[in-house]
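So you can see what is in the structure, the chains are spelled out below.
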Amino acid sequence: MALDRSSAYEHMQKIAALDELTGIYNRRFGMQRLAEDYSRAKRSGNAFYVIMFDIDHFKKINDTFGHQAGDYVLYQIAKTIKSLLRIEDVFLRYGGEEFVAGLICKFENVIEKAETIRKEIEKLTFLFNDFEIKATVSIGISKSQPSDLLTIESLIKEADEALYIAKNSGRNKVFIKQ
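Residues numbered from 1 in each chain as written. Predicted model: local features only at pLDDT ≥ 70, side-chain atom pairs only at ≥ 80, totals over all residues. Heavy atoms only, no water.

**So, the overall build of the protein**
Let me state the cut-off plainly: Helix and strand assignments come from DSSP, with helices taken as H or I runs of at least 4 residues and strands as E runs of at least 2, each series counted from the N terminus. Exposure categories follow from relative accessible area, calculated using a 1.4 Å probe and restricted to protein chains: below 20% of the type maximum is buried, above 50% is exposed, and the middle band is partly exposed. Any two residues whose heavy atoms approach within 4.5 Å are treated as being in contact.
Regarding its fold elements, the protein presents six helices and seven strands. Reading the helices (α) and strands (β) of the protein from amino to carboxyl end gives α-α-β-α-α-β-β-α-β-β-β-α-β. Its C-alpha atoms give the protein principal-axis dimensions of roughly 60 × 50 × 20 Å. Here the protein holds 178 residues, and the buried ones make up 41% of them. Within the protein, residue pairs in contact and separated by at least 24 positions form 70% of the contacts whose partners lie at least 6 positions apart.

**Considerations on the packing of helix H4 (residues 67–84) against helix H5 (residues 107–123)**
Applied cut-off: Structural elements are reduced to axes, namely lines fitted to C-alpha atoms, with helices fitted over the stretch in contact, and the angle between N-to-C directions of any two is expressed from 0 to 180 degrees. By the definition used in this description, the sense in which the near helix is turned from the far one sets the handedness, with an anticlockwise turn below a right angle giving left-handed and a clockwise turn giving right-handed. Residues were grouped as follows: Ala, Val, Leu, Ile, Met, Phe, Trp, Tyr, Cys and Pro as nonpolar; Asp, Glu, Lys and Arg as charged; and all remaining residues, including Gly, as polar.
Two elements in contact, H4 and H5, have axes separated by 10 Å at closest approach and are oriented at 145 degrees. For the pair H4 and H5, the crossing hand works out as right-handed. Contact residues: H4 offers Ile77, Thr80, Ile81 and Leu84, while H5 offers Lys113, Thr116, Ile117, Glu120 and Ile121. Here the contact of H4 with H5 is built from residues that sort into five nonpolar, two polar and two charged.

**Quick notes on helix H2 (residues 27–44)**
Given 3.6 residues to a turn, an α-helix orients residues that are three or four positions apart in the same direction. So the rule is basically this: Every helix has an expected span of 1.5 Å times one less than the residues it contains. Within this analysis, the arc is defined by the directions that extend from the helix axis to the C-beta atoms.
An ideal rise of 1.5 Å per residue puts 26 Å on 18 residues; H2 measures up with 25 Å between its terminal C-alpha atoms. All of the buried residues along H2 are Gly30, Met31, Leu34, Asp37, Tyr38 and Ala41. Buried residues of H2 fall within an arc of 130 degrees about the axis and therefore sit on the same side. Exposed residues lying more than 90 degrees from the buried face of H2 are Arg28 and Arg43. Elements in contact with the buried residues of H2: strand E1 (48–55), strand E2 (90–95), strand E3 (98–104), strand E6 (137–144) and helix H6 (152–168). Glycine 45 sits one or two positions beyond H2 and adopts a positive phi of about 80 degrees.

**What to know about the packing of aromatic side chains**
Applicable threshold: Stacked, tilted and edge-to-face are the three classes assigned to paired rings of Phe, Tyr and Trp, where Trp is represented by its six-membered ring and a pair needs centres within 6.5 Å; plane angles under 30 degrees give stacked, over 60 edge-to-face, the rest tilted. Comment: the charge-over-ring label is applied if NZ (Lys) or CZ (Arg) is within 6 Å of the ring centre and within 35 degrees of the ring normal.
Following the criterion strictly, the structure yields six aromatic pairs and no others. Note on tyrosine 38 and phenylalanine 48: the rings are 5.4 Å apart at their centroids and 45 degrees apart in plane angle, and the pair reads as tilted. With tyrosine 38 in helix H2 and phenylalanine 48 in strand E1, this pair connects stretches of sequence that are ten residues apart. Neither residue differs from the other here; tyrosine 38 and phenylalanine 48 are each classed as buried. Put simply, the rings of Phe53, Phe91 and Phe99 pair up and form one aromatic cluster. If you follow arginine 27 out to its NZ or CZ, it ends over the ring of tyrosine 94, 3.8 Å from the centre.

**Thoughts on helix H3 (residues 58–65)**
Those residues of H3 not exposed but buried are Phe58, Ile61 and Asn62. An end-on view of H3 places all buried positions within 95 degrees of arc, on one side of the element. With respect to the buried face of H3, the exposed residues turned more than 90 degrees away are Lys59, Lys60 and Asp63. Where H3 is buried, its residues contact E1, H4 and strand E5 (131–133). Phi for glycine 66, located one or two positions after H3, is positive at around 100 degrees.

Have a look at this one:
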């Protein structure tokens, strides 16, 4: 009987932490993990980066192919991004078609990672009910040094601002706010 309770508890923890559609961290749990990693980066003297991803023209995918197709594209893009991040990176669904990742790494690594993700998604074709769906992502990045007094919320705000610069400069681009 104890094993059943333990399994049920683990299942409930998983449900509480993961986004139902994509299987990655949900916003509430992911924000906690981002804050923890940001604190760890500051304590260890490392830079911390927040990357925000937004699927370009996602409404058009839903309107053209239906919400089930949109859900499929969301799932596949989340799966692709997750596969290209390291296991220690935090990755969450922030809302709608927006995703956020937190990385402790060097500047050149975060730029390379973001560009790799952008290019991989651009190359994909999502097959859904005999439809071939293409999608791209715009990416905004913010950075914090250990001496910064920024909060995780302000880093996300800066990544969101960088994301909108990427979108306004033609979409399917990476922009870093420095």
